[in-house]
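A look at the structure
For reference, the chains in residue letters:
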Amino acid sequence: MYISKIQITNFRNFKEKQIEFNDGVNVIIGHNNAGKTNLIKALSLVIDSQKPKRLEVDDFNKNSTLAELKTSPPKISIAITIKKGKEQEPDDLVTISNWLTKLDSSYEALLTYEFFLPQKKQEEYLKEMALVADNDPKGMDKAWKILKHSFIRFYVYKIWGGDPINQAIADTESLQKFDFQFLDAIRDVERDMLTGKNTLLREVFDFFMDYEIKIDGSKTTDEKHQKIKDRKILFSEKADILIQELSDRIDAGKKEILSYAKNTGASFNKATPNFEGSVSENEMYSVLKLIVQYETGIKIPATHNGLGYNNLIFMSLLLAKMQVNADVDYLDANAKVFTTLAIEEPEAHLHPAMQYKFLKFLNENKKEKKVRQIFVTTHSTHITSAVSLDEIICLHNEGGETNVGYPKKVFLNADGTENIKSKKYAQRFLDATKSDMLFAQKVLFVEGIAEQLLLSVFANYLGKSLEDNHIAIINVGGRYFAHFLYLFDSQKENTIPKKVICLTDRDPERKEKPDGKFKKCYPFEYNLDLTKFDYQTNPTADSYPVGSHPNITFYSQPIGTGKTFEYEILISNPTLEILLTDSISNSDEIKDLMTLYNTAGKTSQDLLNRLSKSKENQRILDSITANTSSSDDEKKKAVIASRYLNSVGKGENALELCYVLQENFAKKGTADFKEFIVPAYIKSAIEEVCQ
């Protein structure tokens, strides 16, 4: 069996939300304050029998209206549905039999935690709340204070088994069959595991003592018990010898020590103090300490070990304890039936390679049935890149409302069939860098490395910060946006409805009629000769125009003047010489073109005359000369932008541009600062994503 879903009502950031779980590993991700910790807390309130279940006023969801608070006292409800899973154990159905809501072969059971004000106090509550005026601007604060000071102490909690309408309290014995182990992000592993004095380590020691006998399939249960009993007796006899030796060594000193007792009158009525003792195996565990031993033979105490390794060791011990708790032969009727492990931010103190190893470790324990279901909350892109999309659950909080996304469910074609190609593409693409799209509050998809490097700098020139707005810039390496939009399309179910902006190049093309192939062309060549050529531009550029979709927008250069990212930078800044970085070829020629542009009276023909002799430059000259629809200023900009585009090496130039523009921005407010104009389509995109 497994926990298939949880319904959370009015608890912390969850107003009313249902979250579905996997039978196995569940990796829960999301930006800060999305609700990951609160989700684990909600789970623990239902199935963790060891933790307190009383809540406080601050545990209520605060998005209630004053009218709602005046109508009825707030109540927290957390319901988990338990279903038949892929792996079935003999005691599963017996454990949840009293909570069943579905009785066929694929059974379902329901457990509901409720925190509420008893009926007998509700009339008094309503009278108190009626004193708060509806139009009081501080009415909400007053209402919550009334609840805190006058009524929260009367609240009670119940865990109902089955349909909560029946109000049948779940039996404690069955609830205790659930083993819920939670490792929070701030944990003191040294305190919790390093010596045998600790309960965790002592329980593990006791279970695994004489383990080779316990797992010996050639012996009967009685034979095993007898052999272990013989060992215990032998240990006790050896321990008695040590105790006697200690007693003999202190005999002379004992007489001196106890003489003080005699002199003070502690010895009377023929009774005298003495020393005696025995030691059991369990008591001897306390002298054992965890150490780390290297192949060289060097031993160091675990207190001197790194925090990351200690965290892994602690998790392994915890899983060992869960194995202890679930062993029927060891605990008989007290054995746990359903073991659940929840880990918050396991990446704490673990470098990326150890995070991969940790996930492998968890999956192996799941396969070996040492733990039935695992919940991991994380901010680690290394962890998300190491698991499948099927195991990821995304929480996203926007404007106080928490949404849940399931990447495994979103890759659907229009007819409802699964788009396996896009799903596989996204799975391969989500490495440790690109997984940022799942954690960020907003996403900016771009085609290449140049945009990825420069957009944050462009935002600074606009007085914006992509980092402060928690925006991830994701380079998809081409026009492959569609594969990832499945994850975020708010008009579809199970998606992550965050703001998504896609920047794509216009990329005009033409082909000779009738059977030519499309080849790149310049904007000033677009539709220039309709009798000889067919023309097209990037079809994805107009996929989601501004205002056409609730959370997805595409931006590109205008048709007729736009071509690529680099081309548009020069169209917007035709005389900015700092753009001519060291990697630019033909920089002297382009600098002369910029000078001519700035010189009064110079026309586009003057710039064309400056072009060096080449086949490509002749094409530029012929096409711009033949173009009669563009202004002379547009033609001059086009000459400079075309020459620049043909002189750029994209990767290296992007790095250099990033550096020179950052250096220039640092001079803002001084005479050395050069005005840089962010291309209009990029400006619009940045302004929208930063709203």
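This write-up is about the structure you can find in this document. (Residues numbered from 1 in each chain as written. Predicted model: local features only at pLDDT ≥ 70, side-chain atom pairs only at ≥ 80, totals over all residues. Heavy atoms only, no water.)

The set of residues buried in helix H17 (residues 420-429) consists of Ser422, Lys423, Tyr425, Ala426 and Phe429. Down the axis of H17, the sector holding all buried residues measures 160°, keeping them to one side. Away from its buried face, by an angle of more than 90 degrees, H17 presents the exposed residues Lys421, Lys424 and Arg428. The inward-facing, buried residues of H17 contact helix H18 (436-439), strand E16 (471-475) and helix H20 (481-488). (Buried < 20%, exposed > 50% of the residue type's maximum accessible area, 1.4 Å probe, protein only. Helix = DSSP H or I, 4+ residues; strand = E, 2+ residues; numbered from the N terminus. Arc of directions from axis to C-beta. Contact = heavy atoms within 4.5 Å.)

Let's shift gears to the packing of helix H4 (residues 119-130) against helix H5 (residues 139-151). With their axes 10 Å apart at the nearest point, H4 and H5 run at an angle of 140° to one another. Classified by the angle their axes make, H4 and H5 are oblique. Both H4 and H5 take part in a crossing whose hand is right-handed. Across the interface between the two elements, Lys121, Glu124, Tyr125, Glu128 and Met129 from H4 touch Ala143, Ile146, Leu147 and Phe151 from H5. Looking at the contact of H4 with H5 residue by residue, the class counts come to six nonpolar, no polar and three charged. (Axes fitted to C-alpha atoms, helices over the stretch in contact; angles between N-to-C directions. Parallel < 35°, antiparallel > 145°, perpendicular 65-115°, else oblique. Left-handed = near helix turned anticlockwise from the far one by under 90°. Nonpolar A, V, L, I, M, F, W, Y, C, P; charged D, E, K, R; others polar.)

Taking strand neighbours across the sheet as the criterion, the four strands line up as E16-E15-E17-E21 in an open arrangement whose pairing is parallel. In this open sheet, the two strands that pair with only one neighbour each are E16 and strand E21 (552-555). The sheet shows a mean angle of 20° between the axes of neighbouring strands, direction not considered. Across the sheet, helix H19 (residues 449-461) is in contact with strand E15 (442-446), E16 and strand E17 (499-503); its angle to E16 comes to roughly 160°. (Pairing = 2+ DSSP bridges.)

This brings us to the nonpolar core. Ranked by internal contacts, the top residues of the largest apolar core, which has 57 residues, are Ile6, Ile19, Ile78 and Leu111. Top contributing element to this core by residue count: helix H1 (residues 36-47), with seven residues. With residues up to four places along the chain from it excluded, the contact list for isoleucine 6 reads Lys17, Gln18, Ile19, Phe21, Leu39, Ala42, Leu43, Ile78, Ala79 and Ile80. Core analysis: the second largest hydrophobic core is formed by 56 residues, Leu570, Ile590, Ala638 and Val689 among them. (Core = buried A, V, L, I, M, F, W, Y, C linked by side-chain atoms within 4.5 Å.)

In sheet architecture, strand pairing relies on hydrogen bonds along the backbone and comes in two forms, parallel and antiparallel. Read across the open sheet, the six strands follow the order E8-E11-E12-E3-E13-E14; overall the sheet is mixed. Sheet topology places strand E8 (178-183) and strand E14 (401-405) at the edges, where each strand pairs with a single neighbour. Strand-to-strand, the axes of this sheet are offset by a mean angle of 15°, without reference to chain direction. Bridge count for strand E13 (residues 392-398) against E14 is five bridges, and the pairing is antiparallel.

End to end, helix H24 (residues 615-626) covers 17 Å across twelve residues, agreeing with the expected 16 Å (1.5 Å per residue, within 8%). Those residues of H24 not exposed but buried are Asn617, Ile620, Ser623 and Ile624. For H24, the arc enclosing every buried residue in end-on projection is 130°, short of the 170-degree limit, so these residues lie on one face. Buried positions along H24 lie against helix H22 (587-598), helix H23 (604-610) and helix H25 (632-645). (Expected span 1.5 Å × (residues − 1).)

Looking now at empty space enclosed by the protein. The gaps left among the atoms become clear once a water-sized probe is rolled over them. Within this structure, the stated rule accounts for one cavity of 30 Å³ or more. By volume, the largest cavity amounts to about 70 Å³. Taken together, Met1, Asp23, Glu87, Glu89, Lys366, Lys369, Val371 and Arg372 form the lining of the largest cavity. By residue class, the composition of the lining of the largest cavity is two nonpolar, no polar and six charged. (1 Å grid on protein atoms, 1.4 Å probe; cavity = no way out; pocket = protein on both sides within 12 Å on 5 of 7 lines; lining within 4 Å. Points joined across faces, edges and corners; volume = space filled by probe spheres on them.)

Two faces, one strand: in a regular strand the side chains alternate between the faces of the sheet. Along strand E3 (residues 25-30), six of the six residues are buried, which leaves the element largely enclosed by surrounding structure. Here E3 shows two buried faces, one formed by Val25, Val27 and Ile29 and the other by Asn26, Ile28 and Gly30. Relative to strand E12 (residues 373-378), E3 runs parallel, the two being bridged by five bridges. The residue of E12 that forms the bridge with asparagine 26 is phenylalanine 375. Sheet topology places E3 next to E13; four bridges connect them, and they run parallel.

If you walk through the whole model with that rule in mind, you get 27 salt bridges. The closest approach of N and O atoms between glutamate 212 and arginine 231, which form a salt bridge, is 2.7 Å. Of this pair, glutamate 212 sits in helix H9 (residues 211-214) while arginine 231 sits in helix H10 (residues 221-249); the two residues are 19 residues apart in sequence, bridging distant segments of the chain. Of the residues examined, glutamate 212 reaches a relative accessible area of 44% and is grouped as partly exposed. Owing to a relative accessible area of 34%, arginine 231 belongs among the partly exposed residues under this scheme. Residue lysine 219 is joined to aspartate 216 by a salt bridge in which the shortest nitrogen-to-oxygen separation is 3.0 Å. With a relative accessible area of 21%, aspartate 216 lands in the partly exposed category. By sharing partners, the salt bridges in this structure join Arg510, Glu525, Glu616 and Arg619 into a single network. (Salt bridge = Lys/Arg side-chain N within 4 Å of Asp/Glu carboxyl O.)

A separate point is the packing of aromatic side chains. Counted under the stated rule, the structure contains 26 aromatic pairs. Note on tyrosine 125 and phenylalanine 151: the rings are 5.5 Å apart at their centroids and 75° apart in plane angle, and the pair reads as edge-to-face. With tyrosine 125 in helix H4 and phenylalanine 151 in helix H5, the pair connects residues that are 26 residues apart, well separated along the chain. By the burial criterion, tyrosine 125 is buried, and phenylalanine 151 matches it. For the pair tyrosine 544 and phenylalanine 554, a centre-to-centre distance of 5.7 Å together with 25° between the ring planes defines the contact as stacked. On the criterion of sequence distance, the pair formed by tyrosine 544 in the loop between strand E20 (533-536) and E21 and phenylalanine 554 in strand E21 is long-range, its members being ten residues apart. The exposure class of tyrosine 544 is partly exposed, given its relative accessible area of 21%. A relative accessible area of 5% places phenylalanine 554 in the buried class. (Phe/Tyr/Trp six-rings, centres within 6.5 Å; stacked < 30°, edge-to-face > 60°.)

Moving on, we get to the layout of surface pockets. Put simply, the second largest pocket is a space of about 530 Å³. Surrounding the second largest pocket, 24 residues form its lining, Asp91, Ala326, Val328, Lys336 and Val337 being those nearest its centre. Of all the secondary structure elements, the ones that give two or more residues to the lining of the second largest pocket are helix H3 (92-96), helix H6 (172-175) and helix H13 (307-325). Among the residues making up the lining of the second largest pocket, the classes are represented as seven nonpolar, six polar and eleven charged.

The next subject is unusual backbone geometry. A cis amide bond links lysine 513 with the next residue in sequence, proline 514, at an omega value of 0°. Position of proline 514 among the secondary structure elements: in the loop between strand E18 (509-512) and strand E19 (519-520). Its identity as a non-glycine residue notwithstanding, asparagine 10 has a phi of 65°, on the positive side. Overall, the relative accessible area of 6% leaves asparagine 10 in the buried class. Positive phi, normally seen in glycine, also occurs at arginine 12, with a value near 50°. Within the secondary structure layout, arginine 12 lies in the loop between strand E1 (2-11) and strand E2 (14-20). A residue is classified by how much of its surface remains accessible, and arginine 12, at 27% relative accessible area, is partly exposed.

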